[in-house]
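For reference, the chains in residue letters:
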Amino acid sequence: MELREWQSALKDRVIAHLKEGFLVALQSPTGSGKTIFSLLVSLAVRGKVIYAVRTHNEFYPVYREAKRLGKRFSFLVGKSRACLFAEEGVDAEDIKCNLCELSSPGKVKDEGDSPFRILEDLKRRGKEEGFCPYFTLLSSLEDTEVLGVTYPYLFSPWLRDALDLNLQEFAIVVDEAHNLDYLNDLAERRLSVSTIEFAMKQVKSDQARSILVKLREEIKAVISNEERYIEVKGYPRLSEDELKLLTEEYEDLRKEMVKSKSIRKLYVGSVIKFYSSMEDEHVFSYKGALIVKPLTSIPFVSVLNREDVPVILMSGTMYPRDYLEKVLGIKRKMFYLDVERELRTKVTGGYDCFLAVDVTTSYSTRSAEMWKRYASHLLRIYHYARANVLAVFPSYTIMEEVMKLIKVRKFVEGSKSVLDEVVSSSLEGKVIIAGVARGKLTEGIELTSSGSSLISDVALCGIPYPSVDDYLRLRSEYIYKLTGESLRDALVEIPAMVAVRQAIGRAVRSKEDRANVWLLDKRFDSAWWKVKINCLNPKKVRL
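Worth saying up front: this structure is predicted, and the values here are computed from it rather than measured. (Residues numbered from 1 in each chain as written. Predicted model: local features only at pLDDT ≥ 70, side-chain atom pairs only at ≥ 80, totals over all residues. Heavy atoms only, no water.)

Caption draft 1: A look at the layout of surface pockets. Empty space within the second largest pocket amounts to approximately 1,000 Å³. What lines the second largest pocket is a set of 33 residues, among which Gln27, Asp338, Glu340, Arg501 and Lys532 lie closest to the centre. Those elements that provide at least two residues to the lining of the second largest pocket are strand S11 (334–338), helix H14 (339–343), strand S12 (350–356), helix H20 (488–505) and helix H21 (527–532). Ranked by residues supplied to the lining of the second largest pocket, first place goes to H20 with 5 residues. Residue composition of the lining of the second largest pocket, by class: 13 nonpolar, 11 polar and 9 charged. (1 Å grid on protein atoms, 1.4 Å probe; cavity = no way out; pocket = protein on both sides within 12 Å on 5 of 7 lines; lining within 4 Å. Points joined across faces, edges and corners; volume = space filled by probe spheres on them. Helix = DSSP H or I, 4+ residues; strand = E, 2+ residues; numbered from the N terminus. Nonpolar A, V, L, I, M, F, W, Y, C, P; charged D, E, K, R; others polar.)

Caption draft 2: Structural detail: the packing of helix H1 (residues 5–19) against helix H2 (residues 34–45). Put simply, H1 and H2 touch, their axes get as near as 9 Å, and they point 40° apart. Relative to H2, the element H1 is oriented oblique. The two elements H1 and H2 cross, and the hand of that crossing is right-handed. Taking contact as the criterion, the partners of Trp6, Gln7, Leu10, Lys11, Val14, Ile15, Leu18 and Lys19 in H1 are, on H2, Lys34, Ile36, Phe37, Val41, Ala44 and Val45. Partitioned by chemical class, the residues of the contact of H1 with H2 number 10 nonpolar, 1 polar and 3 charged. (Axes fitted to C-alpha atoms, helices over the stretch in contact; angles between N-to-C directions. Parallel < 35°, antiparallel > 145°, perpendicular 65-115°, else oblique. Left-handed = near helix turned anticlockwise from the far one by under 90°. Contact = heavy atoms within 4.5 Å.)

Caption draft 3: Looking closely at helix H3 (residues 59–68). Along H3, the residues that are buried comprise Phe59, Val62, Tyr63, Glu65 and Ala66. Contact partners of the buried residues in H3: H2, strand S2 (49–53), strand S3 (73–75), helix H5 (115–129) and strand S4 (146–150). Phi for Gly70, located one or two positions after H3, is positive at around 75°. (Buried < 20%, exposed > 50% of the residue type's maximum accessible area, 1.4 Å probe, protein only.)

Caption draft 4: Inspection of the confidence of the model for the protein chain at higher detail. Mean pLDDT over the protein chain: 92, with 99% of residues reaching 70 or higher. Of all secondary-structure elements in the protein chain, the lowest mean pLDDT belongs to helix H17 (residues 419–427), at 70, while strand S5 (residues 171–174) reaches the highest, 98. (pLDDT = per-residue confidence, 0-100.)

Caption draft 5: Representation of the packing of helix H9 (residues 193–202) against helix H12 (residues 267–274). For the pair H9 and H12, the least separation of the axes is 7 Å and the interaxial angle reads 125°. The angle between H9 and H12 places the two elements in the oblique class. As for how H9 packs across H12, the hand of that crossing is left-handed. Contact residues: Thr195, Ile196, Phe198, Ala199 and Gln202 in H9; Tyr267, Val268, Ser270 and Val271 in H12. Here the contact of H9 with H12 is built from residues that sort into 6 nonpolar, 3 polar and no charged.

Caption draft 6: The packing of aromatic side chains, seen in detail. Inspection of the entire model under this criterion finds 19 aromatic pairs. Ring centres 4.8 Å apart and planes at 45° place the aromatic pair Trp6 and Phe37 in the tilted group. Of this pair, Trp6 sits in helix H1 while Phe37 sits in helix H2, and the two are 31 residues apart along the sequence. As far as the burial class goes, Trp6 and Phe37 line up, both buried. Look at Tyr151 and Phe155: their rings are 5.6 Å apart centre to centre, the planes differ by 90°, and that puts the pair in the edge-to-face class. Linking Tyr151 with Phe155, this pair stays in helix H7 (residues 151–155), spanning 4 residues, or about one helical turn. Here Tyr151 and Phe155 have matching classes, each one buried. An aromatic cluster of three or more residues is present, and its members are Phe59, Tyr60, Tyr63, Phe73 and Phe75. Directly above the ring of Tyr382 sits Lys430, whose terminal nitrogen or CZ lies 5.0 Å from the centroid. (Phe/Tyr/Trp six-rings, centres within 6.5 Å; stacked < 30°, edge-to-face > 60°. Lys NZ or Arg CZ within 6 Å of the ring centre and 35° of its normal.)

Caption draft 7: Representation of unusual backbone geometry in the model. Positioned with a positive phi, Glu176 is a non-glycine residue whose angle comes to about 50°. Along the chain, Glu176 falls in the loop between S5 and strand S6 (189–192). Despite not being glycine, Arg344 has its phi angle at roughly 55°, a positive value. Here Arg344 shows up in the loop between H14 and S12. A relative accessible area of 78% places Arg344 in the exposed class.

Caption draft 8: Quick look at the state of the cysteines. Under the counting rule described, the total for this entry stands at 1 disulfide. Residue pairing for Cys353: its cysteine sulfur links by disulfide to Cys535, the two sulfurs lying 1.9 Å apart. Where Cys353 bonds to Cys535 through sulfur, the torsion about that S-S bond is close to -60°, and the disulfide is left-handed. Here Cys353 is found in strand S12, whereas its partner Cys535 is found in the loop between H21 and strand S20 (539–541), with 182 residues between them in sequence. Cys132 takes part in no disulfide bond, and the closest cysteine sulfur, belonging to Cys97, lies 6.2 Å away. The thiol sulfur of Cys461 is not disulfide-bonded, and the nearest other cysteine sulfur, from Cys535, lies at 15 Å. (Disulfide = S-S within 2.5 Å.)

Caption draft 9: Highlighting empty space enclosed by the protein. Taken as a whole, this structure holds 2 cavities of 30 Å³ or more when the rule is applied. A volume near 150 Å³ is recorded for the largest cavity. When contributions to the lining of the largest cavity are tallied by element, the ones reaching two or more residues are helix H4 (79–82) and helix H6 (133–139). The element contributing the most residues to the lining of the largest cavity is H6, with 3 residues. Residue classes in the lining of the largest cavity are distributed as 14 nonpolar, 1 polar and 2 charged. Of the residues contributing to the lining of the second largest cavity, the split by class is 4 nonpolar, 2 polar and 2 charged.

Spelled out as structure tokens, the structure:
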């Protein structure tokens, strides 16, 4: 196989460091060939690879490159996705597999199709032939050389252990590693009024319904609709007897669903899950719900610190080394490799920067007049853009205020946004695609034609700093106890910087791409920001 210049120059060094027990943190731009490179060096060290991606949508590039190398590829999706009888949105815990008559595995038929086609075929044949697609995928892991999994199967200890794999036989590749700071979301538990009301409709006993009615009223009294985390110390609780009664109802509903071969989301299960293991955990109100989640991702990265397992972290926007070590808890030897800096050459396309000095989303300046200014900037960008425009906002609230003033073709991210709809819109004519930083449209989207981006302009409508709220305060205090260092500024600036660079990367997908980046916030006019996002001499603009 013919390698790119940077791959040939660095391959042997990366292999040597992996063999010596180093974790390799690899930063290289999108479209530079990280996927095939990581597979080549990993297979040279172990012969088998676990390739972890954030979403199922990211399986296909791994599958494609594994096939190019002639390697056996397997993948795993969650029970709720593979189950023959589950509706969309079902929690894996709702599915009681040991009662299902179709618990035996079948055989995977890979005839050159994508992983999604393989899953569709399994589900079709599973119904016809009477086998379980999920257990079929599990059984296929025994013979794999490249295994594609989503983050939970690598980083959630109980899910990882359930795979029953000897990790010493594998090298691990973590794609999109700039998401490691959000691994604590894997343990997030959420309880809202609507969840309780749906649960009230599902339970059968008056006693269970009475418990939920009382809980609903108590929850209403302590939650806020604000888009920031507010600690709630006197949150509503359930007694052991109340939890026991709800659990009995839940188990009966799970059995009924399996028998009827119609599995739907059980909201009473979400209530029970929220109240599991509440000792020493902080509870927050956020956007109309109670939230429980760990303050850091450190509990989930232990697998990365195993020196007997070769690990590659990959991203086009890798965290700085200090952040990986002090905030994420990477303790082992690390080989930090920025490909473009190491070789002093560009390995992908580029962009030109424009800085608007007459707008900002700084909290004290937010107003209807400011949103009109943002809308005017976006309209001007849209009319001059040669292709689609990606508009990135710090929050849903700001996005909604600005985009309701935009009357040209647009696609605005929502809770039910489907990537296929975005792709269709982008192909039908020039459109403004509006999304929030760190959302599905600013990090998961791949709008390309023949390898080149269909986005010509990225408009950063404000700086996506995390809210300085109770969650950030407690998080910084916790990290200070671990490290003895105050990293509060880093906890604000680094996630914002990564989110901005990720958004810019949506428009630069190949070496031929040349995009316009619009920095629509006067706070970008600082030496720190200009260096971090490589906009050293932006052209200043105003309305």
